[in-house]
Amino acid sequence: MHTMEEILAILAQVKPGLAPAPDEELVRTGQLDSVEIMSLVMALAEEFDLEISPLDLKEENFHTAEAILALVNRLEE
(Lines give C-alpha, C1' and ligand atoms only; values in the text may rest on other atoms or scores of the structure.)
Protein backbone atom coordinates (compact mmCIF):
# COMPACT_ATOMS: atom_id res chain seq x y z
CA MET A 1 0.00 0.00 0.00
CA HIS A 2 1.21 3.42 -0.87
CA THR A 3 0.88 6.56 1.19
CA MET A 4 -0.69 9.96 0.72
CA GLU A 5 2.77 11.50 1.13
CA GLU A 6 3.98 9.60 -1.96
CA ILE A 7 1.01 10.81 -4.01
CA LEU A 8 1.42 14.42 -2.87
CA ALA A 9 5.14 14.29 -3.73
CA ILE A 10 4.36 13.08 -7.25
CA LEU A 11 1.68 15.77 -7.66
CA ALA A 12 4.25 18.40 -6.63
CA GLN A 13 6.73 16.94 -9.11
CA VAL A 14 4.18 17.07 -11.95
CA LYS A 15 2.99 20.57 -11.03
CA PRO A 16 5.46 22.44 -8.82
CA GLY A 17 3.74 24.37 -6.07
CA LEU A 18 0.67 22.12 -5.99
CA ALA A 19 0.09 21.00 -2.40
CA PRO A 20 -3.58 20.08 -2.11
CA ALA A 21 -5.39 18.68 0.89
CA PRO A 22 -6.11 14.96 0.35
CA ASP A 23 -9.80 15.62 -0.34
CA GLU A 24 -9.34 18.86 -2.31
CA GLU A 25 -10.91 18.89 -5.79
CA LEU A 26 -8.17 19.05 -8.43
CA VAL A 27 -9.87 18.77 -11.81
CA ARG A 28 -13.02 20.86 -11.49
CA THR A 29 -11.10 23.69 -9.80
CA GLY A 30 -8.59 23.76 -12.65
CA GLN A 31 -5.61 22.81 -10.50
CA LEU A 32 -4.94 19.91 -12.88
CA ASP A 33 -5.64 20.09 -16.60
CA SER A 34 -5.67 17.23 -19.09
CA VAL A 35 -1.98 17.61 -19.99
CA GLU A 36 -1.00 17.57 -16.31
CA ILE A 37 -3.17 14.50 -15.73
CA MET A 38 -1.35 12.68 -18.53
CA SER A 39 1.98 13.71 -16.98
CA LEU A 40 0.69 12.45 -13.65
CA VAL A 41 -0.33 9.12 -15.21
CA MET A 42 3.16 8.69 -16.68
CA ALA A 43 4.81 9.61 -13.37
CA LEU A 44 2.60 7.18 -11.41
CA ALA A 45 3.24 4.39 -13.92
CA GLU A 46 6.99 4.93 -13.72
CA GLU A 47 7.24 5.45 -9.96
CA PHE A 48 5.07 2.49 -8.98
CA ASP A 49 5.63 0.26 -12.04
CA LEU A 50 1.92 0.30 -12.90
CA GLU A 51 -0.05 -0.18 -16.07
CA ILE A 52 -2.77 2.44 -16.16
CA SER A 53 -5.23 1.53 -18.88
CA PRO A 54 -7.37 3.94 -20.90
CA LEU A 55 -10.36 2.65 -18.90
CA ASP A 56 -8.74 4.08 -15.75
CA LEU A 57 -8.45 7.57 -17.27
CA LYS A 58 -11.68 8.84 -15.74
CA GLU A 59 -12.07 12.09 -13.86
CA GLU A 60 -13.28 10.20 -10.79
CA ASN A 61 -9.85 8.54 -10.48
CA PHE A 62 -8.00 11.88 -10.48
CA HIS A 63 -10.36 14.40 -8.89
CA THR A 64 -8.61 14.31 -5.48
CA ALA A 65 -5.32 13.03 -4.08
CA GLU A 66 -7.38 10.45 -2.16
CA ALA A 67 -8.87 9.18 -5.44
CA ILE A 68 -5.40 8.95 -7.00
CA LEU A 69 -4.12 6.98 -4.00
CA ALA A 70 -7.11 4.63 -4.21
CA LEU A 71 -6.44 4.08 -7.93
CA VAL A 72 -2.76 3.30 -7.34
CA ASN A 73 -3.52 0.89 -4.51
CA ARG A 74 -6.28 -0.81 -6.53
CA LEU A 75 -4.01 -1.27 -9.55
CA GLU A 76 -1.31 -2.86 -7.38
CA GLU A 77 -3.64 -5.56 -6.07
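All values reported here derive from a predicted model rather than from experimental measurement.

Further remarks concern the UniProt feature "domain: Carrier" (unreviewed entry) in the protein. Summarizing the sequence annotation, UniProt attributes the feature "domain: Carrier" (unreviewed entry) to residues 1-76 in the numbering used throughout. In the segment residues 1-76, helix accounts for 50% and strand for 0%; the C-alpha atoms at its two ends are 8 Å apart.

A few words on helix α2 (residues 34-48). Count 3.6 residues to each turn of an α-helix, and residues three or four apart come out pointing the same way. With 15 residues, α2 should reach 21 Å at 1.5 Å per residue; the first-to-last C-alpha distance of 21 Å fits that figure. Every buried residue of α2 is accounted for by Glu36, Ile37, Leu40, Val41, Ala43, Leu44 and Phe48. Against α1 (4-14) and α3 (65-76) lie the buried residues of α2. For α2, the N-terminal capping position is held by Asp33, with its side-chain oxygen 3.1 Å away from the main-chain nitrogen of Val35.

On to the pattern of salt bridges, then. The full count for this structure, using the stated rule, is three salt bridges. Ionic pairing is found between Glu36 and Lys15, a salt bridge with its closest N-O pair at 3.7 Å. Within this pair, whereas Glu36 is found in helix α2, its partner Lys15 is found in the loop between α1 and α2, the two being separated by 21 residues in sequence. Judged by relative accessible area, which is 18%, Glu36 ranks as buried. Taking the relative accessible area as the measure of exposure, Lys15 reaches 24% and is therefore partly exposed.

On to the packing of α2 against α3. Between α2 and α3, the shortest axis-to-axis distance is 12 Å and the interhelical angle comes to 45 degrees. Between α2 and α3, the angle falls in the class oblique. Viewed along their axes, α2 and α3 form a crossing whose handedness is right-handed. From α2, Leu40, Leu44 and Phe48 reach across to α3, where they touch Ile68, Val72 and Glu76. For the contact of α2 with α3, a count of residues per class yields five nonpolar, no polar and one charged.

Definitions and cut-offs
Residues numbered from 1 in each chain as written. Predicted model: local features only at pLDDT ≥ 70, side-chain atom pairs only at ≥ 80, totals over all residues. Heavy atoms only, no water. UniProt positions renumbered as here; feature names shortened; annotations may be inferred. Helix = DSSP H or I, 4+ residues; strand = E, 2+ residues; numbered from the N terminus. Expected span 1.5 Å × (residues − 1). Buried < 20%, exposed > 50% of the residue type's maximum accessible area, 1.4 Å probe, protein only. Contact = heavy atoms within 4.5 Å. Polar contact = N/O pair within 3.5 Å; in protein donor to acceptor, adjacent residues only side chain to side chain. Salt bridge = Lys/Arg side-chain N within 4 Å of Asp/Glu carboxyl O. Axes fitted to C-alpha atoms, helices over the stretch in contact; angles between N-to-C directions. Parallel < 35°, antiparallel > 145°, perpendicular 65-115°, else oblique. Left-handed = near helix turned anticlockwise from the far one by under 90°. Nonpolar A, V, L, I, M, F, W, Y, C, P; charged D, E, K, R; others polar.

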